[in-house]
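As a plain string of letters, each chain reads:
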Amino acid sequence: LDPSLEMWDLSSPLISLWINRFYIYMGFAFGISLWICVQIVIKKQGFATILAEAVTSLDLPVAIIDLKEYDPDDHLVEEVTSKNVCVFLVATYTDGRPTESAEWFCKWLEEASSDFRFGKTYLKGMRYAVFGLGNSAYASYFNKVGKNIDKWLWMLGAHRVMTRGEGDCDVVRSKHGSIEADFRAWKTKFIYRLQALCKGEKKKSCGGNCKKGKCESNQHGSEETEPGSHTPDDLHPRDTEEEEPGENTSEEEFGTEDHQGLNSVVDVEDLGKIMDRVKKEKKEKEQQEEKTSLFRSTGKNEDGERRAMITPALREALTKQVNASRERRFHRCMETTPSLACANKCVFCWRHHTNPVGTEWRWKMDQPEVILKEAMENHQNMIKQFKGVPGVQAERFEEGMTVKHCALSLVGEPIMYPEINRFLKLLHHCKISSFLVTNAQFPMEIRNLKPVTQLYVSVDASTKDSLKKIDRPLFKDFWQRFLDSLKALAAKQQRTVYRLTLVKAWNVDELQAYAQLVSLGNPDFIEVKGVTYCGESSASSLTMANVPWHEEVVRFVRELVELIPDYEISCEHEHSNCLLIAHKKFKIDGEWWTWIDYNRFQELIQEYEDSGGSKTFSAKDYVAKTPHWALFGANERGFDPKDTRYQRKNRAKDISGC
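Residues numbered from 1 in each chain as written. Predicted model: local features only at pLDDT ≥ 70, side-chain atom pairs only at ≥ 80, totals over all residues. Heavy atoms only, no water.

A closer look at helix H16 (residues 550-561)
- Between its terminal C-alpha atoms H16 stretches 17 Å, which fits the 16 Å expected from 12 residues at 1.5 Å a residue.
- For H16, the complete set of buried residues consists of His550, Val553, Val554, Phe556, Val557, Leu560 and Val561. For H16, the angular spread of the buried residues around the axis is 160°, confining them to a single face. (Helix = DSSP H or I, 4+ residues; strand = E, 2+ residues; numbered from the N terminus. Expected span 1.5 Å × (residues − 1). Buried < 20%, exposed > 50% of the residue type's maximum accessible area, 1.4 Å probe, protein only. Arc of directions from axis to C-beta.)

So, unusual backbone geometry
- Positive phi, normally seen in glycine, also occurs at arginine 472, with a value near 45°.
- Topologically, arginine 472 is positioned in the loop between helix H13 (464-471) and helix H14 (478-490).
- Looking at arginine 472, the relative accessible area reads 9%, which means it is buried.
- In this structure, aspartate 589 is a non-glycine residue whose phi angle is positive, near 55°.

What to know about the packing of aromatic side chains
- One pass over the full model with this rule turns up 18 aromatic pairs.
- Aromatic pair phenylalanine 617 and tyrosine 622: ring centres 5.9 Å apart, planes at 70°, arrangement edge-to-face.
- Among the aromatic residues, those joined into a ring-pair cluster are Phe47, Phe131, Phe183, Trp186 and Phe190. (Phe/Tyr/Trp six-rings, centres within 6.5 Å; stacked < 30°, edge-to-face > 60°.)

Some points on helix H17 (residues 598-610)
- The end-to-end C-alpha separation of H17 is 18 Å, in line with the 18 Å expected for 13 residues at 1.5 Å each.
- If you check which residues of H17 are buried, you get Phe601, Gln602, Leu604, Ile605 and Tyr608. All buried residues of H17 lie within an arc of 165° about the axis, which places them on one face of the element. Exposed and oriented more than 90 degrees from the buried face of H17 are Asn599 and Asp610.
- Two or three places before asparagine 599, at the start of H17, stands the capping residue aspartate 597, its side-chain oxygen 3.4 Å from that residue's backbone nitrogen.
- Just downstream of H17 lies glycine 612, where phi reads positive at about 70°. (Polar contact = N/O pair within 3.5 Å; in protein donor to acceptor, adjacent residues only side chain to side chain.)

What about the environment of glutamate 79?
- Following the sequence through the fold, glutamate 79 ends up in the loop between helix H3 (72-75) and strand E3 (85-91).
- In the structure, glutamate 79 is positioned 49 residues away from tyrosine 128 in sequence and 9.5 Å away in space, judged by C-alpha atoms.
- For glutamate 79, the side chain forms a polar contact with the side chain of asparagine 84, separated by 2.4 Å.

A few points about the packing of helix H4 (residues 103-113) against helix H5 (residues 144-155)
- For the pair H4 and H5, interaxial distance at closest approach is 9 Å and the crossing angle is 40°. Accordingly, the angle class assigned to the pair H4 and H5 is oblique. The hand of the H4/H5 crossing is left-handed. Across the interface between the two elements, Phe105, Cys106, Leu109, Glu110 and Ser113 from H4 touch Val145, Ile149, Trp152, Leu153 and Met155 from H5. (Axes fitted to C-alpha atoms, helices over the stretch in contact; angles between N-to-C directions. Parallel < 35°, antiparallel > 145°, perpendicular 65-115°, else oblique. Left-handed = near helix turned anticlockwise from the far one by under 90°. Contact = heavy atoms within 4.5 Å.)

Comments concerning the pattern of salt bridges
- Scanning the entire structure with this criterion turns up 18 salt bridges.
- One salt bridge connects arginine 160 with aspartate 150, and the closest N-O pair in it is separated by 3.0 Å. On the criterion of sequence distance, the pair formed by arginine 160 in strand E5 (residues 159-160) and aspartate 150 in helix H5 is long-range, its members being 10 residues apart.
- Residue classification places arginine 160 among the buried residues on the basis of a relative accessible area of 2%.
- Note on aspartate 150: relative accessible area 1%, which makes it buried.
- In this structure, the salt-bridge partner of arginine 481 is aspartate 477, at a minimum N-O distance of 3.3 Å.
- Taking the relative accessible area as the measure of exposure, aspartate 477 reaches 41% and is therefore partly exposed. (Salt bridge = Lys/Arg side-chain N within 4 Å of Asp/Glu carboxyl O.)

Overview of the confidence of the model for the protein
- Per-residue confidence for the protein gives a mean pLDDT of 76; residues scoring 70 or more make up 69%.
- Under a pLDDT of 50 for its full length, residues 292-298 has, in the predicted model, 11 contacts with residues more than four places off or in other chains.
- Between residues 654-658, whose pLDDT stays under 50, and residues either more than four places distant or in other chains, the model counts 12 contacts. (pLDDT = per-residue confidence, 0-100.)

Observations concerning the pairing of strand E12 (residues 525-530)
- Counting buried positions along E12 yields five of six residues, so the element is predominantly enclosed.
- Of the strand pairs in this sheet, strand E11 (residues 495-502) and E12 are connected by six bridges, and their pairing is parallel. Paired with valine 497 across the bridge in E12 is phenylalanine 525.
- For the handedness criterion, the β-α-β arrangement of E11, helix H15 (residues 511-521) and E12 is classed as right-handed.
- Looking at chain direction, E12 and strand E14 (residues 578-583) are connected through five bridges and run antiparallel. Looking across to E14, one finds that isoleucine 526 is bridged to isoleucine 581. (Pairing = 2+ DSSP bridges. Right-handed = clockwise from strand over helix to strand, strands pointing away.)

Put into structure tokens, the structure is as follows:
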């Protein structure tokens, strides 16, 4: 076939291309609707596009179809008599549900698979392959959508041409180090299989005497014969004992061993022996999976050693993300973390979920001294890159080489780090103030935490359902952990902050519930900020439409303050789309004292350490007066008049609140 561009025009007689077309069905949250057979216009690079390009290199026509626009009632049965190979790229979302674009297709397929009116041969002749995208941290839901589609298609009589692929967002547990690498490995095998189909290679017949998983006929993952051929039933037995479609991940497990087909006769006397053998094999498989699961859950390899937290793929991804966001840093504030892992998968995470996730520490651990030393060196190297950049003040450039503050919020959950208190002590010993952010899933660690300059708790939602939807936590008892974390915060004597990230259409309508949470933790401050859109991600459906305007954030804060009488709006930072609500105890003689006296804090923390923790201090002991330009209602709206603000020229009209 000639793959020239002129051929991709419906006005040309392309009957042969239409018969041999290749379908890729998209079920991502960011699904696209693009028929490459009609028009070569690649609007978005993604897994479907990458696979489509690989297929077109074989001189085969391709169509990428968004499942949201696909009607299975009208089109799916057509694949039975066609020579198509249908590939389903589907992602698993919260609680094992399909993404919005694939919901109707999955519902239809599930109902059809259990409807006697369709029968077990409804899709007989259809050829397909499935690649699922998920996160193994959610063990009970891992790639559930991909598994289900694979199962339902099989139950309707369709034939798999390629082992189901499973991409894993968890870079620590991913078989190939990242979900992209998982896809590339599966794609390579699939293209090889497709070439075999085009050449008309047939799968070798298996006599049923091969040891499970070692059948020579499965070496290339083949399950179908040449394109367009219809294999007799005796070559593809499909009774219910042949397969267990719910959990299998490859065709090696599907009926090539000791199970008999529809046309085979089993002696009743031999039935017991067959069942004993099946049970024995199933038990051996479960024991092997349990062993594998143990290694995964403990984060250890088979030699019992803990895995490194940073994989090459993770290092590359995080380096790109940090470089893209560093312009938001204060010149003397070092942002870092002793733990890349997190127990949440928040929809607005700017790391795009490239970091590992877990509910406990299970990786190799660097010592606090090593982490601090390398963090400071990396901070200095980043500052050096700004030398000579227009607008950079020489005085501040020199100041930036000396770290004054440390924000433990770069990525992950810092409080998970087993030596977090030692790390904080090192910071304070170096006269570096500490700002620690936690996601309110580790109440015990919050209670055991030594004093920090300011302790933040992310309050991303105010109800159990919305928190589950936005933070997508790993803990099953996430809500109780969340509430216990807020209670633990109330017992802290130093500065405490609720950090609310507003996501339009997600968490801005639960004011009364937010007010109840405030009474639970009694924070010193409540920082309310509009979500920052950090680009498209397969792990989140967030768009610019979810970013609130600053006026919308102000309105939310005003309404919230009316429900919490002990608090008032104190400060505003318009260019960060952020406002600060402060407890009235920081309004002294009619003036706000919300800023920090860092020198005084260092004196107090030193006295605390020297006394072995017996000499405590409170948030009011190291306050500083708030400058007028930072107050809510000031003309400057939070911008220091000593600084010069640079506006980009010829800016396109904003569609968000940023």
